[in-house]
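Listed here are the chains, written in short residue letters.
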Amino acid sequence: MVTAATPPTLSMETSPQPLPAATAATPLIEVEHVDFFYGATQALRDITLTIDEHRVTALIGPSGCGKSTLLRCLNRMNDLIEGTRVARGSIRMRGVDINGPDVDVIELRKRVGMVFQKSNPFPKSIYENITYGLRLQGLKNKARLDEIVEKSLRGAALWDEVKDRLHTNGLSLSGGQQQRLCIARAIAVEPDVILMDEPCSALDPLSTSKVEELIHELKTRYTIVIVTHNMQQAARCSDKTAFFYLGRLVEYGETRTIFMNPANPQTEAYVSGRFG
Amino acid sequence: MLPSSGQPADFPVMKRFFDSELETFRSHLLLMGETSIRQVRDAMKALVESDAALAHHVIAADDELDTLEVKIDEEAARYMNLRAPVASELRLVIVGMKASHDLERVGDEASNIAKRAVRLSAEPPLKPYIDLPRMSGIALEMLRDALDCFLNGDVQKALAVCHRDTEVDQLNRQLYRELTSFMLEQPATIGRALELMFISKSIERIADHATNIAEEMIYLAKGQDVRHSEQVKKPASPAT
Ligand SMILES: Nc1ncnc2c1ncn2[C@@H]1O[C@H](COP(=O)(O)OP(=O)(O)OP(=O)(O)O)[C@@H](O)[C@H]1O
Ligand SMILES: [Mg+2]
């Protein structure tokens, strides 16, 4: 399963055990003093925060504050954008600097999967959407692929709705189903972390609550970082919340504290809908 | 709490069209506070001055507090339903509902005192009114300080309210002993002495409600629940 032969490796030595949410949090990703630039534009300023394993971390803040940028830093998706650089600081996953010279980016992105705001299934069948990444990794065994497809679709709470039409086009699904298909695709490769950038912003309330339910279930096996503009959603599904403004981390803490008794008046104004 | 150095210079904070709903809610709670203080003050005045007319007035005015409590509950339910408040707004709504309940009970105790004042006004006083006005004076100060904390977030004042509760408890016990000996020595005073005992108990309850309100206001200001915590623990009171 691990393709990169060179240490250091980002993968886990043993298969992940589901952890009950009540256990003490272990730091999985440590962001330290990160400055990030798009060309000459600085988008992140001195960001330091720790993402805990098997927890849901919500990133909130007004448009343009750098949430998506930080999210993309976590699996080096920003590498795909010309002229970007982490000018200072480090991001470590299980102690390994993800921007280090030995890191296999493909492997990193397998460990740290992503679900986008607009569901973006490939214009292929449901089955192929899920197996695409696995086939790229060289997995050919039909029985094994079938097994992973079922497991991933069940994991994304979509199996019952699509099990009889696995070979129809993914684009024929409803918006909410497409988003869950993207989540199924993300979990098919068994990542450690799932990054979600406004995964529910295009969904109706019912599909939204399905995805929220799903997030709640997924965190027993994965670490989730979610960007959302929906304050109630952040309050409902996350364990920790980070509030950003103008590229800075203003406040980071337990979600219940951020929404019940934030320390910073700006956080208070933002979560109360007084920002603007 | 601020991991990054410095803060964004300007952070635009706007008013929302429904902010007036919260203002109304706050003002209703303040009105309840003022009204219940007035009710206690008038009930005690009626007692001390044997003013049956004033006592009747207090009894009739209790409706005001009942109506306000219902109004505050309705507003709170509506606000939570429509605005899904968070942070200090959510605490305000929760505290508003609890404090209005305490204030309504303060009003009930004021009416109880007033009813007894009506009966006592028909008889000669058992003894000069000294201890009861002293107790009610403390209880009223406690209520006033708890409401001040609501107005200006003065948490120290609210903590002091919690500590003063013991003073009222002690005065209440002292008065019990004194009135018990009256009754033993002069059985003819039993009726009046019992009325006074119940009044004393009412004042003690008012101080309890003031303490609750103070704790609620600390929660509102700090987001910290101090009930049953060391911070508000009373010094060990002597056994009776
Ligand atoms: N590809 C890019 N090239 C140049 N600048 C960019 C690029 N992407 C983002 N930015 C800038 O970086 C800053 C942070 O953008 P980012 O997309 O991280 O914000 P965001 O918090 O995700 O906002 P939103 O809530 O609107 O999605 C913004 O000022 C934005 O204009
Ligand atoms: Mg974004």
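See above for the structure.
The structure contained in this document is the topic of the report that follows. (Residues numbered from 1 in each chain as written. Chains lettered and ligands numbered in written order. Predicted model: local features only at pLDDT ≥ 70, side-chain atom pairs only at ≥ 80, totals over all residues. Heavy atoms only, no water.)

### Describing the pattern of salt bridges
Selection criterion: We define a salt bridge as a contact between a side-chain nitrogen of Lys or Arg and a carboxyl oxygen of Asp or Glu at a distance within 4 Å. Think of it this way: any DSSP run of H or I at least four residues long counts as a helix, any run of E at least two long counts as a strand, and we number them from the N terminus. Whether a residue is buried, partly exposed or exposed follows from its accessible area with a 1.4 Å probe, protein chains only, as a fraction of its type maximum: under 20%, in between, or over 50%, in that order.
Applying the stated rule across the entire model yields 40 salt bridges over all chains. The partner of K110(A) in a salt bridge is E107(A), and the shortest N-O contact between them spans 3.5 Å. In this pair, K110(A) and E107(A) both sit in helix α2 (residues 105–111), three residues apart, roughly one turn of the helix. Exposure remark for E107(A): the relative accessible area of 3% places this residue in the buried category. Notably, a salt bridge pairs R119(B) with E195(B), separated by 2.8 Å at the nearest N-O pair. Linking R119(B) in helix α3 (residues 87–120) with E195(B) in helix α6 (residues 190–222), this pair joins segments that are 76 residues apart in sequence. By relative accessible area, R119(B) is classed as partly exposed at 44%. We classify E195(B) as buried; its relative accessible area is 13%. Counted as one network, the salt bridges with shared partners bring together E53(A), R94(A), E107(A), K110(A), R111(A) and D192(A).

### Re the environment of I72(B)
Residue and element names in this part refer to chain B. Let me state the cut-off plainly: Any two residues whose heavy atoms approach within 4.5 Å at even a single point are treated as in contact.
Topologically, I72 is positioned in helix α2 (residues 52–83). Sequence-wise, I72 and D225 are 153 residues apart; in three dimensions their C-alpha atoms are separated by 22 Å. Setting aside residues up to four positions removed in sequence, I72 forms contacts with F25, H28, L29, M32, G96 and S100.

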